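One letter stands for each residue in the lines below.
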Amino acid sequence: MNFMYDDITTIYQQIFSLNQAFLQFIQTFIKKMPSRILDLGCGPGDYVNELARQGHQVTGIDSSTQMIAWAKQHHQGNFHHLSFTEINTLKGQFDCIYCIGNSLSYLPYDATDEFINDVFSLLLPEGRFILQLVNWDRYRLAGDLDFPVIQLTDGKTFHRTYEAHPDSTVLFKTEIQKNGQPLQTWADHLYPRYSDSFPQEFTDNGFKDTAIYGDFKQNPFGTENSPAFILITHKGS
Ligand SMILES: C[S@@+](CC[C@H](N)C(=O)[O-])C[C@H]1O[C@@H](n2cnc3c(N)ncnc32)[C@H](O)[C@@H]1O
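Residues numbered from 1 in each chain as written. Predicted model: local features only at pLDDT ≥ 70, side-chain atom pairs only at ≥ 80, totals over all residues.

Draft legend 1. Inspection of the overall build of the protein chain at higher detail. Secondary structure assignment for the protein chain yields eight helices and 11 strands. A compact globule built from 237 residues should have a C-alpha radius of gyration of about 18 Å, and the protein chain, at 17 Å, falls within 12% of that. The principal-axis extent of the C-alpha atoms belonging to the protein chain is close to 55 × 40 × 30 Å. Within the span of the protein chain, comprising 237 residues, buried residues form 34% of the whole. The long-range share in the protein chain, meaning contacts at least 24 apart out of those at least 6 apart in sequence, stands at 58%. (Helix = DSSP H or I, 4+ residues; strand = E, 2+ residues; numbered from the N terminus. Rg over C-alpha atoms; globule rule 2.2 N^0.38 Å. Buried ≥ 20, exposed ≤ 12 C-beta atoms within 10 Å, placed from the backbone. Contact = placed C-beta atoms within 7 Å.)

Spelled out as C-alpha cells, the structure:
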C-alpha cells in the first residue's frame, strides 16, 4: 500500500489548512533575526515557507518523496528527503526545532530515545523544541478521535478513523470518497504518546524541563478536552 502522504501531496492544503496560531506561538521563541529553524515532518513545507519569507533560515525534512519534491518546487526554504531516524545527518545547530501536525506519531516506540538525542544534539544551547501531537490521552479515554469529514473539491470527501491495534499502536485508516464510495484508502500504524509519560522521556534524555499546553494559544492541557498535546522543552543552558 502506498504512503498516504505521497498520494495526497497536491490536495494536502485542502485537508490540513495552515494553523496561524502556530505561526504566532513560534514567534515567542524566535526572537533572533535570522534564526535557524528546523521543521521535522514538514509535509508540503507551508510553515517553512512562511518562516523563510519572514527572513529566517529554515530547513524542512520529510520522509515523503512527493511532499519534498512539491515543497522544493513551490516554496522558499531548504528541503531534504529524510526520515526522523536520519536527522543526525543534518549539519549545524538550530535556534528552534519543531515537529507539528502529529508527525511524530509515525515514529516507532523503539526509535524514541535516538530521536530525542538527535534533537538535543541539533539544538543550540538556548534553543527550543516544540512538538504537537493529537491528544492521545483523549483517544485513550474515549476509544476514538472524532475529526470531522473534510469536503474536498469535485464532491470528494476525506475520512479518517483511529483503530486500536493489539500491539498498542493505532491503525490510522484514511479514505477519499466520492458519492459515498471509496476512491482511495490507506492504513498506517501510529504510535500514541501520552501526557503522563512522554514529557519524562525528554528530561530522561537531558532536556531541562517541559511545558505542556492544550493548544497553540497556550491554554492548559486537559486530557479530556484539549484539541492537541503541545510540548515545549529546552536544553537549559
Ligand atoms: C499530518 S502531516 C504534517 C505535516 C506538517 N508538519 C503540518 O503540520 O502540516 C505528517 C507528515 O509526517 C511525515 N512523516 C511521517 N513519518 C515520517 C518519518 N518517519 N520521518 C519524517 N517524516 C515523516 C509525513 O510524510 C507527513 O508529511
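Draft legend 2. Highlighting the nonpolar core. Ranked by size, the top nonpolar core spans 46 residues in total, and within it V48, F94, I97, Y98, V119 and L131 carry the most contacts. Ranked by residue count, the leading element in this core is strand β5 (residues 123–134), at six residues. When sequence neighbours within four positions are dropped, the list of residues in contact with Y98 reads I26, D39 and I130. (Core = buried A, V, L, I, M, F, W, Y, C linked by C-beta atoms within 7 Å.)

Draft legend 3. Structural detail: the domain arrangement of the protein chain. Here the protein chain is described as being made up of domain 1 (4–136 + 193–234) and domain 2 (138–190). On a C-alpha basis, the centres of domain 1 and domain 2 stand 22 Å from each other. Contact residues are listed per partner, giving 13 residues for domain 1 and 14 residues for domain 2. Those elements giving two or more residues to the side of domain 1 that touches domain 2 turn out to be α1 (4–8) and α2 (12–15). Of the residues in the side of domain 1 that touches domain 2, the class split is seven nonpolar, four polar and two charged. (Domains from an automatic or database assignment. Nonpolar A, V, L, I, M, F, W, Y, C, P; charged D, E, K, R; others polar.)

Draft legend 4. Representation of the site of the ligand in the model. Not every one of the 17 residues close to the ligand is listed here, only the nearest: G41, G43, G101, S103 and Y106. Among the residues forming the shell around the ligand, the class breakdown is eight nonpolar, eight polar and one charged. (Near = placed C-beta within 6 Å.)

Draft legend 5. View of the sheet that holds strand β8 (residues 170–178). With antiparallel pairing, the four strands of this open sheet are ordered in space as β6-β7-β8-β9. For this open sheet the edge positions go to β6 (150–151) and β9 (181–190), each flanked by a neighbour on one side alone. Of the strand pairs in this sheet, strand β7 (residues 156–164) and β8 are connected by nine bridges, and their pairing is antiparallel. Looking at β8, one finds that Y162 is bridged to F172. (Pairing = 2+ DSSP bridges.)

Draft legend 6. Representation of the sheet that holds strand β10 (residues 210–213) in the model. Spatially, seven strands are ordered β3-β2-β1-β4-β5-β11-β10 in an open sheet, and the strand pairing comes out mixed. Every interior strand has two partners, whereas the edge strands, β3 (78–81) and β10, have only one. In this sheet, adjacent strand axes meet at a mean angle of 15° when their direction is disregarded. Bridging between β10 and strand β11 (residues 228–234) involves four bridges; their strand directions are antiparallel. The residue bridging I212 from the neighbouring strand is L231, located in β11. Sitting on the sheet, helix α6 (residues 112–122) is in contact with β1 (36–40), β4 (94–99) and β5, with an inclination near 140° to β5. (Axes fitted to C-alpha atoms, helices over the stretch in contact; angles between N-to-C directions.)

Draft legend 7. Structural view of α6. Those residues of α6 that fall on the buried side of the exposure criterion are F115, I116, D118, V119 and L122. Taken end-on, α6 shows its buried residues confined to a sector of 160°, consistent with a single buried face. Of the surrounding elements, those touching the buried residues of α6 are β1, β4, β5 and α8 (198–204). (Arc of directions from axis to C-beta.)

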